[in-house]
Amino acid sequence: MAASSAPSADTDGTYLTGHLLIAMPGMQDPRFDHSVVCLCAHSADGAMGLVVNRPLAGLEFDDLLRQLEVAPLPPQRRIRMLDGGPVEHGRGFVLHSDDWSTDGSMPVMQGLTLTASVDILKAIAGGGGPKDCVLALGYAGWAPGQLEDEIQRNAWLNVPADGSLVFRDDTSHTWEAALAKLRVDPALLSGSAGHA
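Cut-offs and rules
- Residues numbered from 1 in each chain as written.
- Predicted model: local features only at pLDDT ≥ 70, side-chain atom pairs only at ≥ 80, totals over all residues.
- Heavy atoms only, no water.
- Axes fitted to C-alpha atoms, helices over the stretch in contact; angles between N-to-C directions.
- Helix = DSSP H or I, 4+ residues; strand = E, 2+ residues; numbered from the N terminus.
- Parallel < 35°, antiparallel > 145°, perpendicular 65-115°, else oblique.
- Left-handed = near helix turned anticlockwise from the far one by under 90°.
- Contact = heavy atoms within 4.5 Å.
- Nonpolar A, V, L, I, M, F, W, Y, C, P; charged D, E, K, R; others polar.
- Buried < 20%, exposed > 50% of the residue type's maximum accessible area, 1.4 Å probe, protein only.
- Pairing = 2+ DSSP bridges.
- Arc of directions from axis to C-beta.

Student: What should I look at first to understand the packing of helix 1 (residues 61–68) against helix 2 (residues 118–125) in this one?
Tutor: In a pair of packed helices, the angle between the axes and the distance between the axes together describe the arrangement. As a packed pair, helix 1 and helix 2 sit with axes 12 Å apart at the nearest point and diverge in direction by 125°. Relative to helix 2, the element helix 1 is oriented oblique. The two elements helix 1 and helix 2 meet at a crossing, and its hand is left-handed. Across the interface between the two elements, F61, L64, L65 and L68 from helix 1 touch L121, I124 and A125 from helix 2. Its residues placed into classes, the contact of helix 1 with helix 2 shows seven nonpolar, no polar and no charged.

So, in structure tokens, the structure goes:
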């Protein structure tokens, strides 16, 4: 895990850092079908986020610790692992509550922090670390203006993030739960954009 080169967090409220992107039913990219993405950074330089409702297949937390030579093994504590997105699957990011941080931790919003160093894995394996956390391998990234264009084309809805959605143990209904936060019935959504 290395330090993130993601765009810096926005503080003036014009960007969607700290929001969840909810894929619309007409999402053209199958990698994001029914996905919910926590935007960790969004600025004029682009956007970076983690898919929070795709469990990672084929790799357990113990296996990752073994590969990174992080002790103790077996760990005193385990965390849920996610497929964070299609970019750089070899990079790991821990999205967590803001009750723990280290050098390089990046605040996303009040209550939510992103850390991409091995220090957090050592803390978790030792039984400590943040109260709530998920580990994502890979991320979703957008070039400058790309996310804004996708939102304009009706690819995404957005809602402020909260821990009840980001840290859900059962991710199978996260998409529906995120829509419910907007009071949107999934059955009434259309994948086509309309402009008056």
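Student: Please explain the pairing of strand 7 (residues 112–115) as it appears in this structure.
Tutor: Alternating residues of strand 7 divide into L112 and L114 and T113 and T115, and every residue in both groups is buried. Bridge count between strand 6 (residues 106–109) and strand 7: three bridges; the pairing is antiparallel. Following the sheet pairing, M109 is matched in strand 7 by L112. What sits between strand 6 and strand 7 in their antiparallel hairpin is a turn of two residues, with G111 showing a positive phi close to 95°.

Student: Just to check I follow, could you spell out helix 5 (residues 174–181) for this structure?
Tutor: Because each turn of an α-helix spans 3.6 residues, side chains separated by three or four positions in sequence point in the same direction. For helix 5, every residue scored as buried is listed here: T174, W175, A178 and L179. What you see down the axis of helix 5 is that its buried residues fit within an arc of 135°, all on one side. The inward-facing, buried residues of helix 5 contact strand 1 (19–23), strand 2 (36–43), strand 9 (156–160) and helix 4 (163–166). Directly after helix 5, the chain includes R183, whose backbone phi takes a positive value near 60°.

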